[in-house]
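# Understanding the architecture of this molecule
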Amino acid sequence: MFTIKHFNELYSLLSEDIVSEDCGLKCDKYCCRAENTIKYLLPGEDEYFIKASPNNFQFVEYYLFTSYRAKDQICSCTRELRPFCCRIFPFRPVIDLTSYKVVGLSKVKAEGFDKYCWINQVRQEWQNKAIEAWQKVLSDIDNLQFYARYFLFLEQAKENFACSTTSLLVEVNKKLSSLNLSKQWELANNFFNRENFI
């Protein structure tokens, strides 16, 4: 699991702007508003935020991940203090499964999202660092399993929609623990290739 040092390194990679201007000015900070996007935290990232800014955030526990929101319902992140999901959004990794390497980025597709997110071309320097950041994230087994577990859960939920979430998670965790590293990479990759993204 990532430590504070790992998160500092990760955030440092993504500390620069994705484009040459503040992207939120054109879209009125669409993805920052709580009603438009769910912000997920990587395993251990909530602990990082508790230590870095204990009074700014409320954490919300979902079955598969921890989210957060500002206590006043307005995003209280600063450019310096924002989680990985906000730094990398709206781009997800393109993975070469033969080498377990992140080789590119693709923009998230979701119904209505393209209408609001105007970014299609990013700064080359940011893109290179974002690819490196995704590689760091997915090279950590807890993070890799975070995305693999999410995909497994979604697949199991489609087949067993009458089961409780708790029962599904027990089955998902049991299955995940039996899978080798190659299969976990494959499941994480399947997650990123879904139509919608968290």
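Here's a quick rundown of the structure.

### Thoughts on the packing of helix H1 (residues 4-13) against helix H3 (residues 45-52)
One can describe the packing of H1 onto H3 by two numbers: an axis separation of 10 Å at closest approach and a directional angle of 90°. Here H1 lies roughly perpendicular to H3, going by the angle between them. Judged by residue contacts, Ile4, Phe7, Asn8 and Tyr11 of H1 engage Glu45, Tyr48, Phe49 and Lys51 from H3. Looking at the contact of H1 with H3 residue by residue, the class counts come to five nonpolar, one polar and two charged.

### A short note on the pattern of salt bridges
Tallied over the full model, the rule gives eight salt bridges. Lys129 serves as the salt-bridge partner of Glu16, at 3.6 Å between the closest nitrogen and oxygen. One end of the pair, Glu16, is in the loop between H1 and helix H2 (24-27); the other, Lys129, is in helix H6 (residues 124-138), with 113 residues separating them in the sequence. Classification of Glu16 as partly exposed rests on a relative accessible area of 31%. Residue Lys183 pairs with Glu186 through a salt bridge whose shortest N-O separation is 3.2 Å. Placement of the pair is Lys183 and Glu186 together in helix H9 (residues 181-192), with a separation of three residues, close to one helical turn.

### Thoughts on unusual backbone geometry
With an omega of 10°, the peptide bond between Phe89 and Pro90 qualifies as cis. Structurally, Pro90 is set in the loop between helix H4 (84-88) and strand E4 (91-96). In this structure, Asp28 takes a positive phi of about 55° despite not being glycine. As for its position among the elements, Asp28 is in the loop between H2 and strand E1 (40-41). Notably, Tyr100 is not glycine yet its phi reads approximately 55°, a positive angle. Looking at the element boundaries, Tyr100 is found in the loop between E4 and strand E5 (101-107). A relative accessible area of 28% means that Tyr100 is categorised as partly exposed.

About the thresholds
- Residues numbered from 1 in each chain as written.
- Predicted model: local features only at pLDDT ≥ 70, side-chain atom pairs only at ≥ 80, totals over all residues.
- Heavy atoms only, no water.
- Axes fitted to C-alpha atoms, helices over the stretch in contact; angles between N-to-C directions.
- Helix = DSSP H or I, 4+ residues; strand = E, 2+ residues; numbered from the N terminus.
- Parallel < 35°, antiparallel > 145°, perpendicular 65-115°, else oblique.
- Contact = heavy atoms within 4.5 Å.
- Nonpolar A, V, L, I, M, F, W, Y, C, P; charged D, E, K, R; others polar.
- Salt bridge = Lys/Arg side-chain N within 4 Å of Asp/Glu carboxyl O.
- Buried < 20%, exposed > 50% of the residue type's maximum accessible area, 1.4 Å probe, protein only.

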